[in-house]
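Examination of the molecular architecture
So you can see what is in the structure, the chains are spelled out below.
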Amino acid sequence: MTRVLIEHASQIATPRGRSARRGSEMRQIQEIADGAIYIEDGIIKEVGPTDQVTAAVGDLQGVEVVDAAGHSIVPGFVDSHTHYIFGGYRPEEFLARLEGAGYLEIMKMGGGIQSTVNATKACSEQELYRLGLQRLDEMLAQGVTTMEGKSGYGLDLDCELKQLRAMQQTDRDHPVEVVPTYLGGHAVPPEYRGDPDGYVDFMIKEVLPQVKELGLATFCDVFCEDSVFSIEQSRRLLRAAQEMGFGLKMHADEIVSLGGAELAAELGAVSADHLLMASDPGIAKLAAAGTVATLLPSTAFCLAHPYAPGRKMIDAGCAVALASDYNPGSCFTNSIPLILALAGIHMHLSIEEVLTGATLNGAAAVGRADRIGSLEPGKQADFLLLRYPDYRFLVYHSGVNIVEQVYKKGRLVYGGRP
């Protein structure tokens, strides 16, 4: 048995619970001064003040003891929306947007997602795996211990499976846990241009069954948007996926208010993501359904769009998660410090809501809030030691990575000893 005791942390700060925190619950953060965490075989057994935890543990023979004095401890971050397996880059599109070109305009000109599809198809599976490991290293250094990864840069059978296999291999070989999502409904490929219904049929009949049989994805997602997939096309794809046993996610109401939030609530999706243009009725339905509203502030920042109405969503009783949307086009950043700063400064979330959104609610958005996302007995010991003695520095030291050590399943996987 592996036994670890982290003691004398200046502060332990964590949300609590085994499901998403909604509305005012997102402000409920437990703060423990002079805190300790006792771990056995990667699972938290005790959390509390150091004197109480050490008394409960008793005999420390054979226990690895880490002195965390001067550091605050928070749960590992859960990035619940990424597209980290891809080939090629699109700096020219980023610059074109700065000069006024719109996202959908770029797509219609043959750029956008299709450009990355072409580059990803040209990459070998081994190259995608190598790139994926590099990107996971970057995320780990910023405190991400679990993340979701989407396919969607193949838009066919072979390349979608190639992406998912590369993702699966990075999950096996890297400390960051990866939750895989099939996103074949990311765009309509050229061979189906003018026939998106035919492409939906192809995904339902040809691709989803193989993804399921091979065990390559937990969720199915779709880009429900004007000029991409309509509400009815999205409903048909997601219902078929649901019948096959996939959990559901949605890119919803990012560019226009199409009713994606309402559809996500109707289908019982685990999360609805983006939501910059979500309607008030859509927000109310997300809250009632318990669908996590996954907000991606760095995407709005990179696109120079208004931020999603996170304050309104929380006040309406929604569970809000914060994620990166790391991708080579609309949001080529995986900066967790940027996300936290934007959420706190520009989206008007409190520091407690920011922490909950980046941890427990992120875990709920990937269906794992029962085992990760908070520091409680029975949960996986995924946590971070921060440079400062108070977790509020996550937003106060704006845009700066203050993660010094990362523990995954109770094992130090990034940084030196404090």
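The structure contained in this document is the topic of the report that follows. (Residues numbered from 1 in each chain as written. Predicted model: local features only at pLDDT ≥ 70, side-chain atom pairs only at ≥ 80, totals over all residues. Heavy atoms only, no water.)

1. A word on the overall build of the chain
Let me state the cut-off plainly: Secondary structure elements follow DSSP: runs of H or I no shorter than four residues count as helices, runs of E no shorter than two count as strands, and numbering proceeds from the N terminus. Only C-alpha atoms enter the radius of gyration; for comparison, a globular chain is expected to reach 2.2 Å times N to the power 0.38, where N is the number of residues. Residue contacts are defined here by distance: any two heavy atoms, one from each residue, within 4.5 Å place the two residues in contact. The method behind every accessible area is Shrake-Rupley, applied with a 1.4 Å probe, and residues are considered shielded solely by the protein chains displayed.
The helix and strand inventory of the chain stands at 16 helices and 16 strands. At 21 Å, the chain has a C-alpha radius of gyration in line with the 22 Å of a compact globule built from 418 residues. Dimensions along the principal axes, computed over C-alpha positions, put the chain at roughly 70 × 45 × 40 Å. Relative to all contacts within the chain whose residues are 6 or more apart in sequence, the contacts with residues 24 or more apart total 73%. For the chain, the computed accessible surface area is about 14,800 Å², with 50% contributed by carbon and sulfur atoms.

2. Some remarks on the pattern of salt bridges
Operational definition: Basic side-chain nitrogens of Lys or Arg form a salt bridge, by our definition, when they fall within 4 Å of a carboxyl oxygen of Asp or Glu. Remark: exposure states derive from per-residue accessible area (1.4 Å probe, protein chains only) relative to the maximum for the residue type, with buried under 20%, exposed over 50%, and partly exposed in between.
According to the stated counting rule, one finds 23 salt bridges in the structure shown. Of the charged contacts, one joins R130 and E127 as a salt bridge, the two residues approaching to 2.6 Å between their closest N and O atoms. Residue R130 and its partner E127 are located together in helix α5 (residues 125-141), separated by three residues, close to a single helical turn. Owing to a relative accessible area of 27%, E127 belongs among the partly exposed residues under this scheme. A salt bridge links E404 to R387, with the shortest nitrogen-to-oxygen separation between them at 3.7 Å. With a gap of 17 residues between them, E404 in strand β15 (residues 403-408) and R387 in the loop between β14 (383-386) and α16 (393-396) connect regions that are remote in the sequence. Classification of E404 by relative accessible area gives partly exposed; the value is 29%. A residue is classified by how much of its surface remains accessible, and R387, at 34% relative accessible area, is partly exposed. A network of salt bridges, in which partner residues are shared, links R27, R311, D315 and E353.

3. Let's talk about the sheet that holds strand β13 (residues 320-322)
Here is the rule: Strands qualify as paired when DSSP identifies two bridges or more between them. What counts as an axis is a line fitted to C-alpha atoms, over the stretch in contact for a helix, and the angles between N-to-C directions run from 0 to 180 degrees.
Strands sit in the order β6-β7-β8-β9-β10-β11-β12-β13 across an open sheet of eight strands; the sheet is parallel. Both outer strands of the open sheet, β6 (77-79) and β13, are each paired with one neighbouring strand and no more. Ignoring which end each strand starts from, the neighbouring axes of this sheet average 25° apart. Pairing geometry for strand β8 (residues 177-185) and strand β9 (residues 219-224), over three bridges, is parallel. Of the residues in β9, the one forming a bridge with G185 is V222. Packing of helix α9 (residues 260-267) onto the sheet brings it into contact with β9, β10 (247-252) and β11 (271-274), and relative to β10 it is tilted by some 170°.

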